[in-house]
Amino acid sequence: MKPNIAAILKSLPDKPGVYIMRDAERKVIYIGKAKRLKRRVASYFRHSNFASPRLRKLVEMIDDISTLRTETEAEALIVEAKLIKRYSPFFNVELKMGDRYPYIRITSESFPRLVVTRKKEDDSSVWFGPYVSAGGIRALLRLIERYFPLRNCKSEILRINPARRPCIEFSLDHCMGVCACRTPEVEYRDRVNDIILLLQGNTGELVERMRRRMDAAARNMAFEEAARYRDTIRALWKVSRQRVSEALQEDLDSATWQVLTKMQDTFALDTLPWRIDAFDISHMSGRDTYGCCVVFEQGRPNPSLYRRFKIRSLTDGEIDDFRAMQETVLRRYRHVLNNTEPMPQFILIDGGPVQLEFAMKSLSELKADIPANFKGVFAPPENPSIAALAEKEELVFLPDKTEPLRLSFDSPVLKLLQQIRDEVHRYAITTHRNARTSRLRRSVLEEIPGIGKARAAQLIVKCGSVQRIAMMTSEELAGIPGLKIGKTLAKKIIDHLRSDGRYGGGSEGSEQER
């Protein structure tokens, strides 16, 4: 085994993901997925002789292995399929000719049908998937067939004949009999909408719809119908299916793929930048300082992965964006590593070379804990996986590079970086604004440890105002009947209010007070 391969195997996580194997010319020769990356990839190198000549040749040609960590096995399966479609590796046979994962299609006919297919077409139908668990999709289809049956005849219904005798499926409650006018079109459309909610994962909204119908049926004394709705609700709570990131459910269009490929070439990344993290800091004159991180997957924002951090290393009113950036990056990836979440393939810092330098300090502090297959962040300048984008001139600063990278303003890579930078900037400002609004709604007394809303309200009722409390001594405050505040807490309250600046300077017992 080659030394570099042995080092990579030791560093692989025992978590879901996709592995990409390359030959000595850096060409992708095989892409695979795994529920446990460490075990799966290591299995290729446990034997010296393989029965399959194809597998033997593959192992001989492997010169490098990189990985893309995913949240779940479902994500890994979908990412694998998308990458194989784009790279068409020589040793991948099964997925090179198309997708093996099924979709659920709701047709665009007057009376839509539900169809399971492995080929997604560009039409006006409503599509769901791909589904990576055969058992999961079978359970979903059984639920729909039992509680939300649609017609399953393939011919389009052009004319409804009330005199027509419905087929056997209607008698088995597997069809609504629309061809024989057994169900109004409006009711059929409601059924289709119910299925769409189910497939979208909006179980809560669907259950609420079922509950309203159940209550209406019970009021009309249609108890059998109400019982069916009750059974449907119970089944909905039990059903479960694999969920994947919304960004991964969409097909990766050619334009986005080209941009990500161009970005990989521009920054000499080991793998396609499937997941990109971006950081920014926001505050108001040093107050309510927050560090924020947004995540883009395959060129699209994924708000469910956004994170914000209240900066702890700065005192209120202290302005230091550089240290705030260092703390944010450190806490973000310490949390990622402790919870074995996926690392990004690229990191973007909103700012200039100094912000980048402080971000690098955090990554260096975590260096011992970061897997070797993410070593690009610490690699030589010609192979960075982190950069800072400065506004106005839109210069890209790279680690240990004295001169910034100046991309053309019409460069698709720069446009993607700008989109990511603008999104993290928007999220940071929104986070700070919401925090400031929340703080202004609170009484200044609630900022004191040990004082909650109830006690703050009691203080205002007993004393009249915060200004009046600040003018008291701790003995006077502790002596107010009914407050039950000891001298220690009373002194803490007085000192906090006077140090605020709005209610007088100094602290209790100072020359100024005396």
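Here, every reference points to the structure presented above.
Throughout, residues of each chain are indexed from 1 in the direction in which the sequence is written. Residues qualify for local features only when their pLDDT is at least 70, as the model is predicted, and side-chain atom pairs are given and counted only at 80 or more; totals for whole chains, interfaces and linings, by contrast, use all residues. Side-chain metrics in this entry use all non-hydrogen atoms of the structure; hydrogen atoms and water are not considered.

Let us look at the nonpolar core. Grouping buried Ala, Val, Leu, Ile, Met, Phe, Trp, Tyr and Cys residues that are joined through side-chain atoms within 4.5 Å yields what is termed a nonpolar core. Partly exposed describes any residue whose relative accessible area lies between the buried limit of under 20% and the exposed limit of over 50%, with all areas from a 1.4 Å probe on protein chains only and scaled to the type maximum. Counting residues in each nonpolar core, the largest one holds 40 residues, and the members touching the most others are Leu83, Met263, Phe267, Phe346, Val396 and Leu417. A total of nine residues in this core trace back to one element, the largest contributor, which is helix α14 (residues 412–441). Contact definition: two residues touch when any of their heavy atoms are within 4.5 Å. Discounting residues that sit within four places of it in the chain, valine 396 has contacts with Phe267, Ala387, Ala388, Leu389, Pro404, Leu405, Leu407 and Leu417. One finds Phe128, Leu150, Ile196 and Leu198 within the second-largest nonpolar core, a separate group that totals 30 residues. Labels follow the DSSP assignment, with helices taken as runs of H or I lasting at least four residues and strands as runs of E lasting at least two, numbered in each case from the N terminus.

It is worth spelling out the packing of helix α12 (residues 321–338) against helix α13 (residues 353–365) at this point. In contact at an axis separation of 8 Å, α12 and α13 are set at 35° when each is read in the N-to-C sense. With respect to the hand of their crossing, α12 and α13 are arranged in right-handed fashion. Between α12, through Phe322, Arg323, Met325, Gln326, Glu327, Val329, Leu330, Tyr333 and Arg334, and α13, the contact on the second element is made entirely by Val354, Gln355, Phe358, Ala359, Lys361, Ser362, Leu363 and Glu365. Three categories are distinguished: nonpolar for Ala, Val, Leu, Ile, Met, Phe, Trp, Tyr, Cys and Pro, charged for Asp, Glu, Lys and Arg, and polar for the others, with Gly belonging to the last. When grouped by side-chain class, the residues that make up the contact of α12 with α13 number nine nonpolar, three polar and five charged. As a rule, the C-alpha atoms of each element are fitted with a line to give its axis, helices using only the stretch in contact, and angles between N-to-C directions run from 0 to 180 degrees. Each helix crossing is assigned a hand: it is left-handed if the near helix lies turned anticlockwise from the far helix by less than a right angle, otherwise right-handed if that turn is clockwise.

Moving on, we get to the pattern of salt bridges. We count a salt bridge whenever a side-chain nitrogen from Lys or Arg sits within 4 Å of a carboxyl oxygen from Asp or Glu. In total, this model carries 21 salt bridges according to the counting rule given. Here the salt bridges share partners, and the residues they tie into one network are Glu75, Arg275 and Glu297.

This brings us to the packing of aromatic side chains. Both the distance between ring centres and the angle between the ring planes are used here to describe each pair of aromatic rings. Note on aromatic pairs: the rings of Phe, Tyr and Trp (six-membered ring only in Trp) are paired at centre separations within 6.5 Å, and the planes decide the class, stacked below 30 degrees, edge-to-face beyond 60, tilted for the rest. What the rule picks out here adds up to 11 aromatic pairs. Taking the centre distance of 5.6 Å and the plane angle of 70° together, the rings of tyrosine 87 and tryptophan 257 count as edge-to-face. In this pair, tyrosine 87 sits in helix α4 (residues 73–87) while tryptophan 257 sits in helix α11 (residues 254–266), placing the two residues 170 residues apart along the sequence. A relative accessible area of 26% places tyrosine 87 in the partly exposed class. When the centroid spacing of 5.0 Å and the interplanar angle of 85° are considered together, the rings of phenylalanine 90 and phenylalanine 91 count as edge-to-face. On the accessibility criterion, phenylalanine 91 (3% relative accessible area) is buried. Feature note: the residues Tyr19, Tyr30 and Tyr44 constitute an aromatic cluster, connected by ring pairs. Distance and angle both matter: a charge sits over a ring if NZ of Lys or CZ of Arg is within 6 Å of the ring centre and within 35 degrees of the ring normal. Note that lysine 310 overlies the ring of tyrosine 290, its terminal NZ or CZ placed 5.7 Å from the centroid. We note lysine 361 situated over the ring of phenylalanine 358; from NZ or CZ to the ring centre the distance is 4.2 Å.

Attention shifts here to the pairing of strand β8 (residues 287–297). Counting buried residues along β8, 10 of its 11 residues qualify, which places the element largely inside the surrounding structure. Strands qualify as paired when DSSP identifies two bridges or more between them. As judged from the nine bridges shared by strand β7 (residues 275–284) and β8, these two strands associate in the antiparallel manner. If you follow aspartate 277 over to β8, its bridge partner there is valine 295. Judged from the four bridges that link them, β8 and strand β10 (residues 307–310) form a sheet pairing that is antiparallel. Its bridge partner lying in β10, cysteine 293 is registered against arginine 307. Relative to strand β9 (residues 300–301), β8 is paired through two bridges, and the arrangement is antiparallel.

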